[in-house]
Amino acid sequence: MKRLALMTVFLLGLSPSAAWGVEVSSVHRQAAVELLQMMDLEKTMRSTLSAMLDAQINGNPEMAPYRDVFQSWIERYFSWDALKPRMIDLYVQAFTEPELRDMIAFYKTPTGQKSLTKLPALMQQGGQLGAEIVQQHKTELEKMMRARKHELDEAKQKPKSETAPPEPSGKDPLDRANRFFDSKSWNQAAEAYAEYLKSAPGNLDAMTDLGICYRELTNYEGALRQFDSVLALDSHHWKAMYNKVIVLAFDLKRKDEAEKLLAKLQGLQPDNADVKNLQEAVDKL
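Quantities reported herein were computed from a predicted structural model and do not represent experimental measurements.

Enquirer: What is the right way to look at the pattern of salt bridges in this model?
Expert: A side chain with one charge can pair with a side chain of the opposite charge if their charged atoms come near. Scanning the model with the defined rule gives 14 salt bridges in all. When the shortest N-O distance is used, the salt bridge between D175 and R179 registers 2.8 Å. Here the residue D175 and the residue R179 both occupy positions in helix α9 (residues 173-182), the gap between them amounting to four residues, near one helical turn. Residue R179 is classed as partly exposed on the basis of its relative accessible area of 42%. Salt-bridge contacts for R215 lead to D251; the nearest nitrogen and oxygen are separated by 2.7 Å. With R215 in helix α11 (residues 204-216) and D251 in helix α13 (residues 238-251), this pair connects stretches of sequence that are 36 residues apart. Accessibility classification places R215 together with D251 in one group, the buried group.

This is the structure we're talking about:
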């Protein structure tokens with residue numbers, strides 16, 4: 001229950017996400033989805049963001065210690081799951097469904113020629129979207145940077161022997177992993193659980209705790225894969241299901257999927273107070 005508490009802190013205080021998207025037919029929207037996939041826009045976006053971050057660090061070497069802070073912030077607010085619906089909106093507003101189908105056919109039609117004039121404007125709008133996200137969340141980035149500066153300042157004042165997390169005592173590898181977990185040393189806990197699971201691959205609770213570690217490290221897709229691995233072995237493992245709902249609903253903003261899984265979880269745990277609290281938090285989204 002202690003591990004579940006780590007996942008539910010502040011959930012009830014989360015505010016609803018802003019709704020994005022336009023009312024269009026499903027075939028129109030699907031055409032835009034296929035076009036973005038063909039263009040591999042997700043890969044292009046990641047490469048562009050990575051290049052931008054590298055350029056910033058190279059131009060300002062004093063920012064190097066904050067690289068992981070920037071990376072965490074970018075992954076949170078510039079994830080493809082978050083941007084994809086907005087990019088689809090841009091394309092369905094700019095092109096009709098038949099035009100999108102023509103563009104998918106390798107730009108060999110007159111509509112493909114139209115795309116050559118539209119794409120620069122769309123890229124500009126995408127840049128404006130990025131600027132808006134930066135403006136909306138720059139306060140949080142500044143707060144994260146101040147927190148890192150505080151950590152760096154404290155590290156300078158401590159002897160080297162005190163800067164590393166304490167190594168848990170004991171020879172039991174699972175106990176070692178649990179101690180790292182309880183001290184919220186997520187990197188060390190993840191490594192310890194992964195090492196332990198090499199010799200005990202069927203320990204579903206340890207697998208679930210490893211997924212929680214990934215979630216705390218903002219590796220949300222890795223956390224989902226871990227929880228899915230548990231559920232593939234035991235479809236009624238409620239803790240894995242519970243934590244998967246949290247990642248889907250609050251980290252990846254995939255509320256529909258979260259609600260379907262939550263309904264199954266409620267059937268398995270009808271009297272569980274943690275599940276009831278999770279339902280209340282999801283309802284607020």
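There's plenty left to go through after this.
Enquirer: What is the right way to look at the environment of N219 in this model?
Expert: Position of N219 relative to the elements: it lies in the loop between α11 and α12 (220-233). Of the residues examined, N219 reaches a relative accessible area of 32% and is grouped as partly exposed. Note: C-alpha distance between N219 and R76 (143 residues apart in sequence) is 9.9 Å.

Enquirer: Where do I start with helix α14 (residues 255-268) in this structure?
Expert: Residue pairs spaced three or four apart in an α-helix point in one direction, given the helix's 3.6 residues per turn. Across its 14 residues, α14 extends 20 Å between first and last C-alpha, which sits within 8% of the 20 Å expected from 1.5 Å per residue. Along its buried surface, α14 packs onto α13 and α15 (273-283).

Enquirer: What am I meant to see in the packing of aromatic side chains here?
Expert: Where two aromatic rings form a pair, the distance of their centres and the angle of their planes describe that pair. Inspection of the entire model under this criterion finds four aromatic pairs. Summarising the aromatic geometry, the rings of Y91 and F95 are spaced 6.4 Å apart at their centres and angled 35 degrees between planes, so their arrangement reads as tilted. Across the pair, exposure class does not vary: Y91 and F95 are buried alike. Between the aromatic rings of W238 and Y242, the centroid separation amounts to 6.0 Å while the plane-to-plane angle is 85 degrees, which identifies the pairing as edge-to-face. Of this pair, W238 and Y242 both sit in helix α13, four residues apart, which is roughly one turn of that helix. We note that W238, like Y242, is buried. Three or more aromatic residues joined by ring pairs form one cluster here, namely F181, W186 and Y193.

Each value, and the rule that gives it
Residues numbered from 1 in each chain as written. Predicted model: local features only at pLDDT ≥ 70, side-chain atom pairs only at ≥ 80, totals over all residues. Heavy atoms only, no water. Salt bridge = Lys/Arg side-chain N within 4 Å of Asp/Glu carboxyl O. Helix = DSSP H or I, 4+ residues; strand = E, 2+ residues; numbered from the N terminus. Buried < 20%, exposed > 50% of the residue type's maximum accessible area, 1.4 Å probe, protein only. Expected span 1.5 Å × (residues − 1). Contact = heavy atoms within 4.5 Å. Phe/Tyr/Trp six-rings, centres within 6.5 Å; stacked < 30°, edge-to-face > 60°.

This is a description of form; function is not addressed.
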